[in-house]
Amino acid sequence: MSRTIIWFRRDLRLADHEALSAAAAAADGDEVVGLFVLDPALLGADSKRADSKRARFLLGSLAALNKEMDGNLWVLSGKPAEVVPALATRLETSDVFVTGDFAPFGVRRDAEVASRLDHIGARLRPVGSPYAVAPGTIVNGSGSNYKVFTPFSRAWEQHGWGTPIAQPVVAWTRPERQPDEPYTPAELPEWAKPGERAALDALDRFVDERLAGYGKHRNEPGLDATSRLSAHLRFGTIHPRTILARLDQSLSHERFRTEVAWREFYADVLFHQPKSAWETMQPKMRMMHCDIDAAARKRFDQWARGETGFPLVDAGMRQLLAEGFMHNRVRMVVASFLIKDLHLPWQWGAQYFREQLIDFDLASNNHGWQWVAGTGTDAAPYYRIFNPSAQRDKFDPEGTYVDRWRGDGYSEPMVDHAVERAEALKRLSEI
Ligand SMILES: Cc1cc2nc3c(=O)[nH]c(=O)nc-3n(C[C@H](O)[C@H](O)[C@H](O)COP(=O)(O)OP(=O)(O)OC[C@H]3O[C@@H](n4cnc5c(N)ncnc54)[C@H](O)[C@@H]3O)c2cc1C
């Protein structure tokens, strides 16, 4: 009997899932195989990322999905380009449904899988995306993509999105054997509960308790005023449609919708310019002189350990190490410090965030870094240099946040901000 496959990737949920609904409709009452492929390049024992908090969040979300599927998730290890066609051949599958992937790695992987499936007479069927509006959809009057956020977000809202899709009834095929790799969730920070139910609970709590005050308090790291939904969006344990459906036209809701739009904007930018992940976007800014010698490495390590002597910077870096998360305002401050007080390449910071963040997302992270560095599309100008002490006074006036991450205290400042600010501006004037 031929079987339809739904191959889960960054969409680890059952509700509001276009590709799953399409697979269920195509199966028309017949069984569906729910597959996840553990790529050893990402999670193998020798991989640096295998024991990261992000990997644990992924494994926890898989365990939760498997539970919701009554133990019917097929988890196979290997390269997707080998595993998926081999399974499709064995099960005589003609259709492998997936949520479209628009990031550079996913685009390459899917092209390879599609071509191999094609050889055996099967099809990769991308349906939907991890976004309210799929990257590449929003274009301006002359048919090209937007380079500036505000007109993009306006066009994005005008384009609109559908309402959440109900969970389909699926007759799952029982896996032939238990997963190749154990995927019991290991310990995670308290805030990071993995899985679809946890995501929906987090959304409910945010809407009931904090959304009304979001516009006023979202920049205050001492308050738990934001949604903390970023990790769930990253792994697709919730779809942005489900989140957006809870918003009305009030100011706080509007503010929150704008933040979700930034995620969609950066995904769109990366889709059109895959190289912008690691390459400085503005050609002129590529000439900016950065320090990369051994002394620069030492300064980087001090920053990463949270030992710069600037409490807001250090509190942020300590939160990142402990929780795999950092408040958005503080992300901007620590990034500015690395780039403009320490004169290091923004890519060093982006790479470190990639290792540490549970919500790491190539588009949001690397364009977030380019925004602060003044090198991206619609970025803050380079000469806008955050003063870490003034930022603390403004956004953490009671010291709630820096006290929380005080630990053994904060040392003397490693640099003089006024001096380094002048140095940064001098380097800017040289180009
Ligand atoms: C240097 C830097 C690196 C960043 N790296 C990442 C990353 O790897 N992954 C990531 O998801 N976000 C990243 N961000 C954006 C932002 O900091 C996080 O999305 C946010 O802090 C997550 O917390 P939250 O879910 O409580 O956000 P909320 O304030 O509740 O916002 C709701 C959602 O909107 C989206 N969002 C909010 N702000 C932004 C933004 N500035 N850019 C893009 N999307 C946004 C996120 O999906 C977020 O979950 C980065 C920002 C900077 C300045």
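J.: When you look at the overall build of the protein chain in this model, what are you seeing that I'm missing?
T.: The secondary structure content of the protein chain amounts to 19 helices and six strands. In summary, the protein chain has a C-alpha radius of gyration of 22 Å against a globular reference of 22 Å for 431 residues, a match within 12%. In the protein chain, which comprises 431 residues, the proportion classed as buried is 44%.

J.: Explain the site of the ligand to me, please; I cannot follow it from the model alone.
T.: Near the ligand you find 27 residues, and of these T226, S227, S230, N365 and G368 are the closest. A breakdown of the residues in the shell around the ligand according to their chemical character gives twelve nonpolar, seven polar and eight charged. Split by domain, the shell around the ligand shows at least three residues from each of two domains, domain 2 (132-164 + 196-272) and domain 3 (283-430).

J.: Mind showing me how you'd approach the packing of helix 6 (residues 149-159) against helix 11 (residues 251-272) here?
T.: When two helices pack together, you describe them by how their axes are tilted relative to each other and by the distance separating the axes. As a packed pair, helix 6 and helix 11 sit with axes 10 Å apart at the nearest point and diverge in direction by 105°. On the basis of their axis angle, the class for helix 6 and helix 11 is roughly perpendicular. Here F149, F152, S153 and W156 of helix 6 come into contact with helix 11, specifically with T258, A261, W262, E264, F265 and D268. In terms of residue class, the contact of helix 6 with helix 11 is made up of six nonpolar, two polar and two charged.

J.: Explanation requested: the environment of W369 in the structure shown.
T.: Along the chain, W369 falls in helix 16 (residues 362-373). In this structure the C-alpha to C-alpha distance between W369 and M332, which are 37 residues apart in sequence, comes to 8.0 Å. Among all residues touching W369, those that are not within four sequence positions of it are A335, W346, G349 and A350.

J.: When you look at the pairing of strand 5 (residues 123-126) in this model, what are you seeing that I'm missing?
T.: Strand residues, when the strand is regular, have side chains that alternate between the two faces of the sheet. Bridge count between strand 4 (residues 95-98) and strand 5: four bridges; the pairing is parallel. Note that in strand 5 the partner of V96 across the bridge is L124. In the classification by handedness, the crossover that spans strand 4, the intervening helix 5 (residues 104-119) and the parallel strand 5 is right-handed.

J.: Any chance you could explain unusual backbone geometry here in plain terms?
T.: Both trends apply: most residues other than glycine have a negative phi, and most peptide bonds are in trans. With a phi angle near 50°, D16 is a residue other than glycine that sits in the positive phi range. Despite not being glycine, R228 has its phi angle at roughly 55°, a positive value. Structurally, R228 can be placed in the loop between helix 8 (214-217) and helix 9 (230-235).

J.: How should the domain arrangement of the protein chain be read in this particular structure?
T.: Frequently, the measure chosen for interface size is the accessible area that the parts lose on association. Domain annotation of the protein chain identifies domain 1 (4-128), domain 2 (132-164 + 196-272) and domain 3 (283-430). Counting residues at the interface gives five residues for domain 1 and seven residues for domain 3. Residues of the side of domain 1 that touches domain 3, tallied by class, amount to two nonpolar, one polar and two charged.

J.: How do you make sense of the nonpolar core when you look at a structure like this?
T.: The tendency in soluble globular proteins is for nonpolar side chains to be buried as a group. Membership of the largest hydrophobic core comes to 78 residues, with the highest contact counts inside it found for I5, I6, A23, L35 and V96. For this core, the element with the most residues is helix 14 (residues 328-341), which contributes eight residues. For this core, the two domains that each supply at least three residues are domain 1 (4-128) and domain 3 (283-430). Excluding its chain neighbours within four sequence positions, the residues that come into contact with I6 are A19, L20, A23, V32, G34, L35 and F97. Core analysis: the next-biggest nonpolar cluster, separate from the first, contains 28 residues, I243, F256, Y266 and F271 among them.

J.: How should the packing of helix 11 against helix 16 be read in this particular structure?
T.: Interaxial distance between helix 11 and helix 16 falls to 8 Å at its minimum, and their mutual angle equals 90°. In terms of orientation, helix 11 lies roughly perpendicular with respect to helix 16. Residues R263, Y266, A267, V269 and L270 of helix 11 form the contact with helix 16, whose participating residues are L362, A363, S364 and H367.

J.: Honestly, helix 5 in this entry has me stumped. Any pointers?
T.: In this model helix 5 runs 23 Å from its N-terminal to its C-terminal C-alpha over 16 residues, within 8% of the 22 Å that 1.5 Å per residue would give. Of all the positions in helix 5, only D110, V113 and L117 are classed as buried. Buried residues of helix 5, viewed axially, fall in a sector of 65°; they line one side. Projecting away from the buried face of helix 5 at angles above 90 degrees are the exposed residues A111, S115, D118 and H119. Where helix 5 terminates, the next one or two residues include G121, which has phi positive at roughly 80°.

J.: Would you mind going over the pairing of strand 1 (residues 4-8) with me for this structure?
T.: Taken across its five residues, strand 1 has five buried, putting it largely inside the fold. Burial along strand 1 is two-sided: T4, I6 and F8 facing one way and I5 and W7 facing the other are all buried. Where strand 1 and strand 2 (residues 31-38) come together, five bridges link them in parallel fashion. In the sheet register, W7 faces strand 2, and the bridge partner there is L35. Each parallel crossover has a hand, and for strand 1 linked through helix 1 (residues 18-27) to strand 2 it is right-handed. Relative to strand 4, strand 1 is paired through two bridges, and the arrangement is parallel. In the sheet register, I5 faces strand 4, and the bridge partner there is V96.

J.: Is there a simple way to think about the environment of D416 in this case?
T.: With respect to the helices and strands, D416 occurs in the loop between helix 18 (400-404) and helix 19 (417-430). For D416, a count of 11 C-beta atoms within 10 Å puts it in the exposed group. Residues D416 and P164, 252 residues apart in the sequence, show an inter-C-alpha distance of 51 Å.

J.: What am I meant to see in the environment of L38 here?
T.: Along the chain, L38 turns up in strand 2. Residues L38 and S411 lie 373 residues apart in sequence; the distance between their C-alpha atoms is 43 Å.

Parameters at a glance
Residues numbered from 1 in each chain as written. Predicted model: local features only at pLDDT ≥ 70, side-chain atom pairs only at ≥ 80, totals over all residues. Helix = DSSP H or I, 4+ residues; strand = E, 2+ residues; numbered from the N terminus. Rg over C-alpha atoms; globule rule 2.2 N^0.38 Å. Buried ≥ 20, exposed ≤ 12 C-beta atoms within 10 Å, placed from the backbone. Near = placed C-beta within 6 Å. Nonpolar A, V, L, I, M, F, W, Y, C, P; charged D, E, K, R; others polar. Domains from an automatic or database assignment. Axes fitted to C-alpha atoms, helices over the stretch in contact; angles between N-to-C directions. Parallel < 35°, antiparallel > 145°, perpendicular 65-115°, else oblique. Contact = placed C-beta atoms within 7 Å. Pairing = 2+ DSSP bridges. Right-handed = clockwise from strand over helix to strand, strands pointing away. Core = buried A, V, L, I, M, F, W, Y, C linked by C-beta atoms within 7 Å. Expected span 1.5 Å × (residues − 1). Arc of directions from axis to C-beta.

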